[in-house]
Amino acid sequence: MYPRSMADSDCVMVMGSNMAENHPVAFRWPMKAKLNGAKLIHVDPRFTRTSAMADIYAPIRAGSDIAFLGGLVNHVINDPRWNSEPFFKTWLVHYSNAAALVSDAYRDAEDNGGVFSGLLDYNGGVKEWPYNGFVGQYEASSWQYARTGIGDQGRIAATAQSGETPGHTSGANGTAQQRQTPTSPRSGTPGSAPAPGGPPYDDLVKSLLKPPPERDETLQNPRCVFQIVKRHFSRYTPEMVERVTGCPRETFVKVAQTLLDNSGPDRTTSFAYAVAWTQHTNGPQIIGCAALLQILLGNAGRPGAGIMALRGHASIQGSTDVPTLYHSIHGYMPAPTALKKHDTLRDYLVAETIPTGYWANTPKFMVSYLKSMWGAAATADNDFGYDWHPKILGDHSHLPMFVAMNDGRVKGMLLIGQNPATSLNARLERAGMRKLEWLVVKDNWLHESATFWKNAPEIKSGDVKPADIKTEIFFFPSAQVAEIEGSFTNTQRMLQWHYKAAEAPGDCRSDSWFTYQLGRRLQKLYADSAAPRDAGFKHLVFDYDHDDSRERQRGEPDAKKLLKEINGYLSDDPGKHLAAFADLKDDGSTTCASWIYCGVFPAPDQNRAASKKPDPPGQPGAQLGWGYAWPANRRIMYNRCSADLQGRPWSERKKWVWWDEAQKKWVGYDVPDFATTKPPTAAAKAGAPGMDALSGADPFIMKADGKGWLFVPTGLVDGPLPTHYEPAESPVKNPLYPQQTSPVLKYWKRPDNELVQAGDGRFPHVITTYRLTEHYLAGAMSRWNPWLAELQPELFIELSPELAGEKGIKNLDWVRISTPRGQVRAKALVTRRLRPFTIDGKVVHQVGMPWHWGYEGVVTGDIVNELTALVADPNVTIHEGKAFVCNVEKA
């Protein structure tokens, strides 16, 4: 969804976010909904400013989110209103995969001690890269749909584990970022999907086709998805929710009833989350549980519905669309890997193409991307340069990279806009940087990672001597955002253009300048090489010199030329921009770096990211003239869901996109997310690829079966359904299952990365970390500002009056907080914003700490991440910084 749509919500549930303080601009939309009578719910371990604005505040223990959400799923499924309302039944049977049958071999965690069928010991990956970190792995063939194996037509496109685990030969993970649809080349509205392929790949797509899954639309077969989901969540009762989360059952039931009261044909509920959902060993599963709940309630693809992912930076969305990530390339296509059969381009396409739905066009996306990389040198005869493309060996993300760094496996690092000296298990990460031969730091200020060799705590204590550090460090000062031109892609997938307001002083340069100049100079170094391995560098398209003489003299690339490359153009006529991704071909005739952005720059004089045309006041609409939202300038994805099986709006109040019988096409306030001229009553074509395989009532066009997935047969490596596991560190045993933690989480076992066993009395308290309005991330962009430093001058710890009383701690006392990884000091903030919980009969205290301080800047303080561990989710290797354990004592 997009934030503005939250103003149309009848209920907004904020969970995993302190939206009022950390996303105050976006919070205007829930507040507008509240002014219109909507209910606002906040579920969080702390009572915050978001809680203060909420109609219902539900406190929960950090790390128990799936238990709470799973309880909501169980409550909804067993509620008489939900079972008697035709709207929900229609949604369930026709718009979700509830009726699909699952393999006889499948065993659910409910029947298997908390683990799913297929659990194996981890095979270790490849010897060249022994840092993947899995403690176990699933072989997922038993999770597939019955008979057809359609589940294995998906790929792990947007997870970090492409090819690392067995049983995932292909298949989409179904995250929001993957949900796109075609547009007509000229009109910018969806048209009939182009036939997938064309020489030489049309045969490839057709060869991947399999029969559709078996279905039981009565939803009574015990192997149908609905019955599996119902049985899976049956133990998540209000009593169990209270026992696991600490939330009073009366509060939980009130939340459940409020969601039901505000879902249906005439009402919608939206969710908003941030990193307090993601930074867990089961983060993607938490998000998936909310998605499952929203599908059950019919809250997808409709105004005021959906799930809002609140990004922590102006272009975090853009950095995954046009990725700075190791495991994906543009447009959420998986990076080629040595761990799968990706030897040739055809091998890659066989492994990664989903033959039904819109991902059937993957050959077009991939070939156009390769043309963007190597231009005229990329031809059909050389697989469009595919052999020149790097291949990954496993998990090369932040955490395993620093483990490898500590082992001396990493020679150098370009550190741009990041500060690992204050990051996860910070002492371990600084130790890794001491093993580098060279380090380049490009940032606004000399932050902790630039000065770790002289100012880190271990240097000040004398444990490490600067003379023993061999790392050669280079510092490049950065230009500020107002000193450069370019685009942001924000949390709603919207590209917006920003303009240069001032010249950067001295030697300060933009990130694009640094990357461009480095690439050009490396090309010169390789220019005379005859080695086949260097051919990719020699042929790389890297010519974006600025047309402005002054900028060209400074070496700054032209941001508009980069946007053109991302948007795409005709390979033999670069002056003709592509108008939409329906124009893309797999024969090399089109060049497009990022297919999802195709259409943002459809003509040389039409930069749609710079458009600022609002809708007339009071007129319902999607603000289509303001910026450009991928895909196809669509504001609400899967908006075919806003109409019923006959294409009529579910209600006048929630009208958004509908079928116009007179015009024989889909119309509405938004760009329809469907084939424009496919009638709602159109049947799927048996044996057909692409969009023809979906009926006119299959709204989720990026899924192989066109359905919203309650049960995930492929794409996640830790199970097809969300399941409550305790965090890697917990003060209690798992009350729900014998399995304590995720059996496939990632953990790098080292003496300097020790974990606490469940119930260890030395570390009895739950700790969670968070951000403040006045500071930004680790503080490298805020602690140098005196006016912000004055507002929040020093590190503190929030703790309840009950815990403070037990420990003899008074407000503003110094407190020592410790874990096996380290200890820090902070000032005590004794507050009723935190409370003790009763978890499975045991009183559990919880504390909270912001993590914005370090040893550089106008104000300094201890680094909270000295306390954290390198332990992570198995899908995307995001760390668990929101729930671990510690000890607290008066310092």
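Structure first, text after, so check above.
Read on for a plain summary of the structure. (Residues numbered from 1 in each chain as written. Predicted model: local features only at pLDDT ≥ 70, side-chain atom pairs only at ≥ 80, totals over all residues. Heavy atoms only, no water.)

Taking 1.5 Å as the rise per residue, helix α4 (residues 65–77) with 13 residues should run 18 Å; its terminal C-alpha atoms sit 19 Å apart, in good agreement. Counting buried positions over the 13 residues of α4 gives 13, a clear majority of the element. (Helix = DSSP H or I, 4+ residues; strand = E, 2+ residues; numbered from the N terminus. Expected span 1.5 Å × (residues − 1). Buried < 20%, exposed > 50% of the residue type's maximum accessible area, 1.4 Å probe, protein only.)

In total, this model carries 48 salt bridges according to the counting rule given. Across the salt bridge formed by R249 and E239, the nearest N and O atoms sit 3.7 Å from each other. Of this pair, R249 sits in helix α10 (residues 249–261) while E239 is found in helix α9 (residues 238–245), placing the two residues ten residues apart along the sequence. Accessibility expressed as a relative area gives 34% for R249, which makes it partly exposed. Using a relative accessible area of 41% as the deciding quantity, one classes E239 as partly exposed. One salt bridge connects K890 with D813, and the closest N-O pair in it is separated by 3.6 Å. One end of the pair, K890, is in strand β30 (residues 884–890); the other, D813, is in the loop between α25 (801–807) and β24 (814–819), with 77 residues separating them in the sequence. What emerges from the salt-bridge pattern is a single network uniting R427, R430, R434, E458 and E866. (Salt bridge = Lys/Arg side-chain N within 4 Å of Asp/Glu carboxyl O.)

Right, let's get into the sheet that holds strand β2 (residues 39–44). Read across the sheet, five strands follow the order β3-β2-β1-β6-β7 without closing on themselves; strand pairing throughout is parallel. The open sheet has two free edges, formed respectively by β3 (56–59) and β7 (307–309), since each of these has just one partner strand. This sheet shows a mean twist of 15° between the axes of neighbouring strands, independent of strand direction. Here strand β1 (residues 11–15) pairs with β2 via five bridges, running parallel. What sits directly across from M13, in β2, is I41. Relative to β3, α10 is tilted by about 130°, and along the sheet it contacts β1, β2, β3 and β6 (269–273). Helix-sheet contacts for helix α12 (residues 283–296) involve β6 and β7, and the interaxial angle to β6 is about 175°. (Pairing = 2+ DSSP bridges. Axes fitted to C-alpha atoms, helices over the stretch in contact; angles between N-to-C directions. Contact = heavy atoms within 4.5 Å.)

Let's shift gears to the side chain of T591. Note that T591 resides in strand β17 (residues 590–591). Ignoring anything within four residues of it in the chain, the contact list for T591 reads S368, K371, S372, E565, G568, Y569, S571 and L578.

The next point concerns the layout of surface pockets. Size it by volume and the second largest pocket reaches roughly 600 Å³. Along the wall of the second largest pocket there are 28 residues; nearest its centre are R4, A7, D8, P620 and G621. A class-by-class count of the residues in the lining of the second largest pocket yields eleven nonpolar, seven polar and ten charged. (1 Å grid on protein atoms, 1.4 Å probe; cavity = no way out; pocket = protein on both sides within 12 Å on 5 of 7 lines; lining within 4 Å. Points joined across faces, edges and corners; volume = space filled by probe spheres on them. Nonpolar A, V, L, I, M, F, W, Y, C, P; charged D, E, K, R; others polar.)

Time to look at the side chain of N74. Looking at the secondary structure, you find N74 in helix α4. By relative accessible area, N74 is classed as buried at 10%. Of note is the side chain of N74, whose polar atom sits 3.3 Å from the backbone oxygen of Y236. Ignoring any residue separated from it by four or fewer positions in sequence, one finds N74 in contact with F233, S234, Y236 and T237. (Polar contact = N/O pair within 3.5 Å; in protein donor to acceptor, adjacent residues only side chain to side chain.)

Note that all results are geometric; they support no functional claim without further evidence.
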